[in-house]
Amino acid sequence: MELHSTTAHELAPLLQKRKISSTELTKAVLERIEKVEPRVNAYVTLTPELAMRMAQDADQRLQQGNTVTPLTGIPLAIKDNMCTRGILTSCASRILHNFVPPYDATVVTKLRNAGAVFVGKTNLDEFAMGSSTENSAMKLTLNPWDFERIPGGSSGGSAAAVAAGETILALGSDTGGSIRQPAALCGVVGLKPTYGRVSRYGLVAFASSLDQIGTLVKDVEDTALLMNCIAAHDPMDSTSGNIPVPDYTTFLNHSINGIKVGVPKEYFVEGMDPVVEQAVRKAIDTLAELGAEIIEISLPHTEYAIATYYLCATAEASSNLARYDGAHYGYRSPGTDNIVDMFSKTRAEGFGKEVKRRIMLGTYALSAGYYDAYYLKALKVRTLIKQDFEQAFQQCDVIVTPTTPTPAFRVGEKTEDPLQMYLSDIFTISVNLAGIPAVSLPCGFAGSLPVGIQIMAGSFEEGKILRVAHCYEQAAGFCRSRPTL
Ligand code: GLN
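Remember, predicted model here, so these are calculated numbers, not experimental data.

Peer 1: Just give me the short version of the pairing of strand β5 (residues 189-192), but keep the residues and values in it.
Peer 2: Residues V189 and L191 line one face of β5 and the alternating positions G190 and K192 line the opposite face, and both faces are buried. Across 3 bridges, β5 lies against strand β6 (residues 213-217) in antiparallel orientation. Directly across from L191, in β6, lies its bridge partner T215. In the sheet, β5 pairs with strand β10 (residues 438-446) via 3 bridges, with the strands oriented antiparallel.

Take a look at the structure:
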């Protein structure tokens, strides 16, 4: 067994019985990084010394035996838009190239307290805006299954790192699909929890009403373990839900006999890769064989989801990104002689093309005379999309769809055509607009490229998702496939 290709739930008992040490495990992961990172480019920042120190601390805890959690001693990667005290948090943007936060995001604090080992900060599309990680100002991350292809985005670094064995666990963030889409394209499991289930305190804001932190790991059981650590009410995030958190592992190893699985007819669209469709249909057959009842449902406002998202998300982004002005922190354009010039040059030089496009679109949608026609209209359609789901969940327990219309595309294939890029989130975006949870997990291959299936449930019903996902995963076994590097 190669340590880097195992899971937290396999490693935790070995660590606790002292069969292996965290130091040994962390070394194995760092060696793996040394070997494959030059080709994958998953990390913006590596923290090997910190990792070794944290591993030693974890070993001490494991030796003493008290305060041990299932994550104690387990290597973890963090998307580089979550604040980490003393560690660069760049959002893969020039404008934050030198930003070292003086505080930790709540999830980071929780993981420190649990004894996880931080191996580094992963690459993303600048400010999490994108679907391929090509919008990073730092580097080009490649898909470990095929180095000519993108890993998806925006959490492409986290997904690629997990797939390549460069970490055991990873965190991502998902505003319109940024955990699930890269999870699908890299053949790993990615959960976007309910809006408000995991604290956003310390997550650099892109679109605050949509952003959510979640997990990128190798299988459903690790998803449950990581969720047990990060899901909680947080007084530092006024949008976090004050709702009891269940033990997510209690949803594993149950039958799905009699569970009602809704399949929305709007999600099998023209332009979808037939091999992807085949894999997803086969997964739905598997669910039926496992005892689920499959029913066709309708989410009638699906066709408006992309337009609605790109109005809401850009409007919020234009407001959130106003803080990057060269005065407070981050990049400042050198040699400007008045403040207006400083603001404008800093932003012109600090932001990349896609971020500027979003700021302009959002500013336009919010401007006097257009606000009602665009932003307000989008908010109304967003309510209709939310209601679609509420109605659907009266007929079924979970909804199953493809995660993406195609497998991983080629580097450069969609960079000149933003609309094509936006369309790659067609199946994931509605979930964020509705605020509900959804997971993507591997359900087959298109040639050598992984394909993902998406399972959604009602708000705060992550447990239902995990139950169905775990049952499917055990039967199908695709989560055990790893790319050969
Ligand atoms: N791809 C979508 C976008 O570009 C979603 C990104 C995300 O979820 N952060 O906005």
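Peer 1: Explain empty space enclosed by the protein residue by residue, including any values.
Peer 2: For the structure on display, the rule yields 2 cavities of 30 Å³ or more. Roughly 70 Å³ of volume is contained in the largest cavity. In terms of lining residues, the largest cavity is bounded by 13 residues, among which A128, G130, S178, Y309 and D425 are the most central. Counted by class, the lining of the largest cavity contains 5 nonpolar, 6 polar and 2 charged residues. In this structure, the second largest cavity encloses a volume near 50 Å³.

Peer 1: A description of a nonpolar patch on the surface should follow, citing residues and the corresponding values.
Peer 2: Nonpolar side chains collect at one region of the surface, where I339, V340 and F343 lie side by side and expose about 290 Å² of accessible area between them. Relative to the helices and strands, V340 is located in helix α10 (residues 339-350).

Cut-offs applied
Residues numbered from 1 in each chain as written. Predicted model: local features only at pLDDT ≥ 70, side-chain atom pairs only at ≥ 80, totals over all residues. Heavy atoms only, no water. Buried < 20%, exposed > 50% of the residue type's maximum accessible area, 1.4 Å probe, protein only. Helix = DSSP H or I, 4+ residues; strand = E, 2+ residues; numbered from the N terminus. Pairing = 2+ DSSP bridges. 1 Å grid on protein atoms, 1.4 Å probe; cavity = no way out; pocket = protein on both sides within 12 Å on 5 of 7 lines; lining within 4 Å. Points joined across faces, edges and corners; volume = space filled by probe spheres on them. Nonpolar A, V, L, I, M, F, W, Y, C, P; charged D, E, K, R; others polar. Patch = residues over 30% accessible without salt bridge, like charges linked within 9 Å, V, L, I, M, F, W, Y side chains within 5 Å. Areas by Shrake-Rupley, 256 points an atom, 1.4 Å probe, with all protein chains shown as cover. Salt bridge = Lys/Arg side-chain N within 4 Å of Asp/Glu carboxyl O.

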